[in-house]
Amino acid sequence: MRKFDETADVHSRRPDVREPWLVISSAAGVRAIPLPRTNRVIVGRMHTCDIVIDDESVSRQHAAIIVGPQGLTIEDLGSRNKTRVGGRALGRGETAALPVGAVVEVGYATMFVQVGRPPSAPASHPGASPSSIASTAIVHDATMQRLYALLDVIAPSPLNVVILGETGTGKEVFAEAMHRGSARASRPFLKVNCAALSGSLLESELFGHEKGAFTGALGAKEGLFEAADGGTVFLDEVGELPIETQAKLLRVIEYGEVIRLGSVQPRRVDVRYVAATNRDLDQAIAAGRFRSDLFFRLNGFSVTLPPLRKRRKDVVPLARHFLDRAARGRPYTVSAESQAALERHAWPGNVRELKNVLERALVLAGAPGRIEPMHLQLPDADGGRDVARGPADTVPPSPYASSPAVAMWTPGGAMTPSMGAMTPPMGVAVPPTGAHAAAGSGNDLKAQRESWEKQQILQALEKTSGNQKEAAKVLGVSRRTLINKIEAYGIARPRKR
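All residue numbers refer to position in the chain's written sequence, counted from 1. Per-residue local features of the predicted model are confined to residues with pLDDT of at least 70, and side-chain atom pairs are confined, for both listing and counting, to 80 or more; whole-chain, interface and lining totals are unaffected and use all residues. The basis for every side-chain value is the complete set of heavy atoms in the structure, and neither hydrogens nor water enter the calculation.

Visitor: Help me get a handle on the overall build of the chain, residues and values and all.
Guide: Think of it this way: any DSSP run of H or I at least four residues long counts as a helix, any run of E at least two long counts as a strand, and we number them from the N terminus. A count of helical and extended segments in the chain gives 15 helices and 26 strands. Exposure classes here rest on a 1.4 Å probe applied to the protein chains alone. A residue is buried below 20% of its type maximum, exposed above 50%, and partly exposed in between. Counting all 497 residues of the chain, 48% fall into the buried class. By definition in these notes, contact holds between two residues if any of their heavy atoms fall within 4.5 Å. Intrachain contacts of the chain at a sequence separation of at least 6 include 60% that bridge at least 24 residues. Accessible surface area values rest on a Shrake-Rupley calculation with a 1.4 Å probe, where residue burial reflects the displayed protein chains alone. Surface exposure of the chain reaches about 24000 Å², of which carbon and sulfur atoms provide 51%.

Visitor: Before we move on, could you go through the pattern of salt bridges and cite the residues and values that matter?
Guide: Pairing is possible between side chains that carry opposite charge, provided their charged atoms lie close to one another. Whenever Lys or Arg places a side-chain nitrogen within 4 Å of a carboxyl oxygen from Asp or Glu, that contact is recorded as a salt bridge. Under the defined criterion, the tally for this structure stands at 23 salt bridges. For Arg 267, the salt bridge is made with Glu 210, and the minimal N-O distance between the two is 3.5 Å. Linking Arg 267 in strand E19 (residues 266-268) with Glu 210 in the loop between strand E15 (208-209) and strand E16 (221-222), this pair joins segments that are 57 residues apart in sequence. By relative accessible area, which is 26% here, Arg 267 ends up partly exposed. Taken together, the shared-partner salt bridges in this structure form one network comprising Glu 210, Glu 226, Arg 260 and Arg 267.

Visitor: Before we move on, could you go through the packing of helix H8 (residues 315-327) against helix H10 (residues 350-365) and cite the residues and values that matter?
Guide: A fitted line through C-alpha atoms serves as each axis, taken over the contacting stretch for helices, and the angle formed by two N-to-C directions is quoted from 0 to 180°. Direction vectors running N to C along H8 and H10 enclose 50°, while the axes themselves pass 9 Å from each other. The orientation of H8 relative to H10 falls into the category oblique. In this structure, H8 meets H10 at a crossing whose hand is right-handed. Along its contact with H8, which presents Val 315, Leu 318, Ala 319, Phe 322, Leu 323, Arg 325, Ala 326 and Ala 327, the element H10 presents Val 351, Leu 354, Lys 355, Leu 358, Glu 359 and Leu 362. Class assignment of the residues belonging to the contact of H8 with H10 gives a composition of 11 nonpolar, no polar and 3 charged. Each angle is binned into one of four classes, with values under 35 degrees roughly parallel, values over 145 roughly antiparallel, values of 65 to 115 roughly perpendicular, and all other values oblique. Crossing handedness is defined as follows: a turn of the near helix away from the far one that is anticlockwise and smaller than a right angle gives a left-handed crossing, while the clockwise case is right-handed. The classification used treats Ala, Val, Leu, Ile, Met, Phe, Trp, Tyr, Cys and Pro as nonpolar, Asp, Glu, Lys and Arg as charged, and all other residues, Gly among them, as polar.

Visitor: Give a description of the sheet that holds strand E14 (residues 189-193) that names residues and reports values.
Guide: The sheet built from 5 strands is open, its strands ordered E14-E17-E20-E13-E21 with parallel pairing. Looking at strand neighbours, the two that pair on one side only are E14 and strand E21 (301-304), the edges of this open sheet. Pairwise comparison of adjacent strand axes, ignoring direction, gives a mean angle of 15° for this sheet. Sitting on the sheet, helix H1 (residues 142-154) is in contact with strand E13 (161-164), strand E20 (272-277) and E21, with an inclination near 165° to E21. Helix H2 (residues 171-180) contacts E13, E14, strand E17 (232-236), E20 and E21 of the sheet and is inclined by roughly 150° relative to E13. Only strands joined by at least two bridges in the DSSP assignment are considered to pair.

Visitor: So what about the side chain of Ser 204? Which residues, and what values?
Guide: Position of Ser 204 relative to the elements: it lies in helix H3 (residues 199-207). We call two N or O atoms a polar contact when they sit within 3.5 Å, provided that within protein one can donate a hydrogen and the other can accept it, with sequence-adjacent residues counted only if both atoms are side-chain atoms. At a separation of 2.8 Å, a polar atom in the side chain of Ser 204 contacts the side chain of His 209. Those residues in contact with Ser 204 that sit more than four places away from it in its chain are His 209, Phe 214, Gly 223 and Leu 261.

Visitor: Which residues make up the packing of aromatic side chains, and what values go with them?
Guide: Each pair of aromatic rings taken from Phe, Tyr and Trp, with Trp reduced to its six-membered ring, is defined by centres within 6.5 Å and is described as stacked if the planes are under 30 degrees apart, edge-to-face if over 60, and tilted in the remaining cases. Inspection of the entire model under this criterion finds 5 aromatic pairs. Aromatic side chains Phe 189 and Phe 234 sit 6.2 Å apart centroid to centroid with 20° between the ring planes, which places their arrangement in the stacked category. Taken together, the residues Phe 189 in strand E14 and Phe 234 in strand E17 connect sequence positions 45 residues apart. Residue Phe 189 shares its accessibility class with Phe 234, and that shared class is buried. Arranged with centres 5.6 Å apart and planes meeting at 75°, the rings of Phe 225 and Tyr 273 form a pair that is edge-to-face. With Phe 225 in helix H4 (residues 224-227) and Tyr 273 in strand E20, this pair connects stretches of sequence that are 48 residues apart. Taken together, Tyr 108, Phe 295 and Phe 296 form an aromatic cluster joined through their ring pairs.

Visitor: For helix H9 (residues 336-344), give the residues involved together with the corresponding values.
Guide: Residues that lie three or four places apart on an α-helix share one face, since the helix turns once every 3.6 residues. Every buried residue of H9 is accounted for by Ser 338, Ala 341, Leu 342 and Arg 344. Projected down its long axis, H9 shows its buried positions confined to an angular sector of 165°, all on one face. Where H9 is buried, its residues touch H8, strand E22 (333-334), H10, strand E23 (370-371) and helix H11 (373-376). Of all possible arcs, the one meant is that of the directions from the helix axis to the C-beta atoms.

Visitor: Quick rundown of the packing of H8 against H9? Include the residues and the values.
Guide: Look at H8 against H9: their axes get within 9 Å of each other, and the N-to-C directions meet at 115°. The handedness of the crossing between H8 and H9 comes out as right-handed. Between H8 and H9, the residues in contact are Val 315, Val 316, Ala 319 and Arg 320 and Gln 339, Leu 342 and Glu 343, respectively. The residue inventory of the contact of H8 with H9, partitioned by class, reads 4 nonpolar, 1 polar and 2 charged.

Visitor: Tell me about the layout of surface pockets, residues and numbers included.
Guide: As a volume, the largest pocket reaches approximately 630 Å³. Cavity and pocket criteria rest on a 1 Å grid covering protein atoms alone: a 1.4 Å probe that fits but cannot get out defines a cavity, protein on both sides within 12 Å along at least 5 of 7 lines defines an open pocket, and an atom within 4 Å of a point defines a lining residue. Along the walls of the largest pocket sit 25 residues, with Thr 169, Gly 170, Val 173, Phe 322 and Val 351 positioned nearest its centre. The element that contributes the greatest number of residues to the lining of the largest pocket is H2, accounting for 5 residues. For the lining of the largest pocket, the per-class residue count stands at 11 nonpolar, 5 polar and 9 charged. Grid points are joined across faces, edges and corners, and a volume is the space filled by probe spheres set on the points. Taken as a whole, the second largest pocket holds about 540 Å³ of empty space.

Visitor: Give me the environment of Val 351: which residues, what numbers.
Guide: Tracing the sequence through the fold places Val 351 in helix H10. Sequence spacing of Val 351 and Pro 307 is 44 residues, and the spatial spacing of their C-alpha atoms is 8.3 Å.

Visitor: Got a sec to walk through the nonpolar core? Specific residues and values, please.
Guide: As used here, the term nonpolar core means buried Ala, Val, Leu, Ile, Met, Phe, Trp, Tyr and Cys residues forming a set that is joined through side-chain atoms within 4.5 Å. One finds Phe 225, Leu 235, Tyr 273 and Leu 298 to be the most contacted residues of the largest nonpolar core, which totals 28 residues. When residues no more than four places from it in sequence are discounted, the contact partners of Leu 235 are Val 192, Cys 194, Leu 206, Leu 249, Tyr 273, Val 274, Ala 275 and Ala 276. Grouped together as the second largest cluster of nonpolar side chains are 25 residues, Leu 159, Phe 174, Phe 234 and Phe 301 included.

Visitor: With reference to specific residues and values, describe unusual backbone geometry.
Guide: Of note, the phi angle at Lys 82 is positive, near 70°, even though the residue is not glycine. By secondary structure assignment, the location of Lys 82 is in the loop between strand E7 (71-76) and strand E8 (83-85). Of note, the phi angle at Asn 350 is positive, near 60°, even though the residue is not glycine. If you trace the backbone, Asn 350 turns up in helix H10.

Visitor: Please give an account of the confidence of the model for the chain that cites residues and values.
Guide: Per-residue confidence from the prediction method is given by pLDDT, with values spanning 0 to 100. Overall, the predicted model of the chain reaches an average pLDDT of 76, with 76% of residues at or above 70. Low pLDDT, under 50, characterises residues 117-132; the stretch is placed with 32 contacts to residues that sit more than four places away or in other chains. Confidence over residues 382-441 falls short of pLDDT 50; this stretch has 114 contacts with residues more than four positions distant or in other chains.

Written as structure tokens, this is what we have:
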């Protein structure tokens with residue numbers, strides 16, 4: 001009888017459309033394996049097993065899948081870390097029905113049966129076509145294409161997923177794509193930021209509460225898990241969950257029951273969990289800040305999204321997407337110099353930073369036209385050392401290269417110098433005036449900056465039809481700072497309508 005190792009290449013087979021397959025997620029990755037055509041299939045870590053799962057949590061001979069006239073069943077063979085079907089642990093020699101789609105935990109590995117053709121294999125080379133789910137996303141980088149192709153395996157499965165990666169890498173977008181590709185797509189996709197709420201408020205949001213459960217609970221309220229019944233819950237920043245809340249969440253996942261605050265009556269919920277974090281959960285578990293049993297319940301699949309600096313091919317297409325969306329039909333283009341500056345930047349804030357840079361560039365550019373490097377306000381767009389690639393001679397010339405300083409608005413409204421074209425923490429950076437300005441007098445430079453600043457205020461007031469509050473938002477300053485500037489430059493105050 002042919003043995004099937006989970007790392008074998010099985011996607012070249014052309015199976016019958018009704019052939020059963022096992023989708024297995026373990027320390028070795030995610031694989032789709034055709035079920036061997038025999039009445040008893042041994043699953044374990046030993047190389048002599050019919051299906052080999054190379055994971056230390058799996059016993060040498062862990063379980064047996066039995067093919068009978070009534071369908072598939074699974075038997076535990078006295079495993080050290082148990083065999084669980086639908087969250088229920090089997091005793092030694094105990095069997096349980098194995099219907100299509102049921103989740104089986106073999107140690108810390110997970111698997112489920114599906115019938116039909118295997119899921120699409122992830123792309124293995126840069127020229128491969130992205131998956132059907134990825135076709136709706138902006139994915140040009142080869143690594144991201146492989147990850148989105150993996151969605152064809154992950155999305156239809158019932159398993160929970162952990163998405164790892166730096167802040168701003170697009171974990172929520174990936175989670176939404178996973179939900180759209182699942183059988184739960186017609187049901188709710190609800191999300192909660194676990195770091196944004198305190199322990200008591202977070203538990204109220206997740207589990208709901210009854211009237212009078214705490215001060216201010218004037219009526220009963222269903223929690224996120226109840227509201228998402230049949231759908232998907234996205235737990236963003238799951239690494240920030242208080243340890244007490246982790247214990248309650250573990251119960252919900254294990255038993256499919258939620259108990260509102262102030263109640264003793266459990267309510268059944270059917271929810272798929274997608275968790276995301278930028279923390280190292282292994283370190284958090286070692287430090288006692290995160291429960292290992294909760295991690296293993298959430299970690300049916302694990303996906304790590306690369307930072308934007310490691311997916312250069314996606315930078316310019318994403319920039320055009322954000323620009324088009326912010327422009328709302330107005331024609332803007334990105335110059336070749338700006339595209340080069342975008343690709344050079346290290347993007348410590350990842351996709352979220354790129355979005356903010358393009359939205360700010362649109363404001364600085366004013367009327368429809370081209371986005372130039374001066375509008376991007378990137379720190380490495382000044383002809384100096386490139387933070388991402390190397391020495392200055394690899395960087396195209398920049399309009400900022402000849403200017404000794406850039407003046408910024410501060411929250412108090414004062415003009416302060418800053419070397420290079422650093423992005424201001426608040427407000428709009430005043431463009432440098434060129435080499436001739438550096439050679440001129442300080443009074444001339446100050447006059448030119450004030451003239452430019454006054455022009456920006458007038459344009460903002462015109463754009464917002466004289467609404468000072470909205471104009472202040474456009475300029476990135478407080479309303480009081482804007483009023484002080486209007487009075488200082490003798491600009492007529494718009495009348496209230």
